Amino acid sequence: MVLPRRLARFNWVVTNRVTGPLAGRLPGFGVIIHRGRRSGRVYRTPINIFRTSDGYVAALTYGVTDWARNVLAAGGCELETRGRRVPLTGPRLVHDPTRRDMPPVVRQVVGVIGVTDFLYLDTVPDADHVR
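Please read these numbers as outputs of a predicted model, since none were measured by experiment. (Residues numbered from 1 in each chain as written. Predicted model: local features only at pLDDT ≥ 70, side-chain atom pairs only at ≥ 80, totals over all residues. Heavy atoms only, no water.)

### Section: unusual backbone geometry
Non-glycine residue R82 carries a positive phi angle of around 50 degrees. Along the polypeptide, R82 turns up in the loop between β5 (76-81) and β6 (84-95). (Helix = DSSP H or I, 4+ residues; strand = E, 2+ residues; numbered from the N terminus.)

Structure follows, in structure tokens:
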């Protein structure tokens, strides 16, 4: 059971507008900067995202949504986290019922709501444009 689409819509309309300005600076949060597959428009989507040994991982609490599809189609995105911008590449969907790369508290929370799908992204080695 992932979170219902109605909650996703509420978050898109209300919560993202409140958390958006802070998400790029708080631990466990970030803003994914991605381009629309059809529109070509640049989007900024606040998400919960966590560091891994070679990049980042985001729990897909609403399933594979538009932002995830955009990142997969483009082969990467940028992430604003803790006040800096990080280029990411190699997006891949991973089904992991153990939720092994989530911090312990987050592992429990996403376990309660039944999240088992994650988007993994690699950092770009020696990226000159990390700000």
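### Looking at the pattern of salt bridges
Taken as a whole and judged by the stated rule, the model has seven salt bridges. In this structure, D66 engages R37 in a salt bridge whose closest nitrogen and oxygen atoms are separated by 3.6 Å. With D66 in helix α2 (residues 66-74) and R37 in the loop between β1 (29-35) and β2 (42-48), the pair connects residues that are 29 residues apart, well separated along the chain. By relative accessible area, which is 34% here, R37 ends up partly exposed. In this structure, the salt-bridge partner of R100 is D96, at a minimum N-O distance of 3.0 Å. Among the residues examined, D96 registers a relative accessible area of 5% and is labelled buried. When salt bridges that share partners are traced, they join R44, E78, E80 and R85 into one network. (Salt bridge = Lys/Arg side-chain N within 4 Å of Asp/Glu carboxyl O. Buried < 20%, exposed > 50% of the residue type's maximum accessible area, 1.4 Å probe, protein only.)

### Considerations on the environment of T116
Examined against the element boundaries, T116 turns out to sit in the loop between α3 (104-112) and β7 (117-123). Residues T116 and T98, 18 residues apart in the sequence, show an inter-C-alpha distance of 7.6 Å. In this structure, T116 is in contact with V94, H95, D96, P97 and R99, ignoring residues within four places of it in sequence. (Contact = heavy atoms within 4.5 Å.)

### Some thoughts on the pairing of β1
Burial analysis of β1 places five of its seven residues in the buried class, which makes it a mostly covered element. In this structure, β1 lies alongside β2, joined through seven bridges in antiparallel fashion. Looking at β2, one finds that G30 is bridged to I47. Where β1 folds back on β2, the antiparallel hairpin that results is connected by six residues, among which G40 adopts a positive phi of roughly 75 degrees. Across three bridges, β1 lies against β5 in antiparallel orientation. (Pairing = 2+ DSSP bridges.)

### Re the packing of aromatic side chains
Counted under the stated rule, the structure contains zero aromatic pairs. Here R51 stacks its cationic end above the ring of Y56, 4.8 Å away from the centre of that ring. (Phe/Tyr/Trp six-rings, centres within 6.5 Å; stacked < 30°, edge-to-face > 60°. Lys NZ or Arg CZ within 6 Å of the ring centre and 35° of its normal.)

From the geometry alone we can't say anything about function, so treat these as descriptive.
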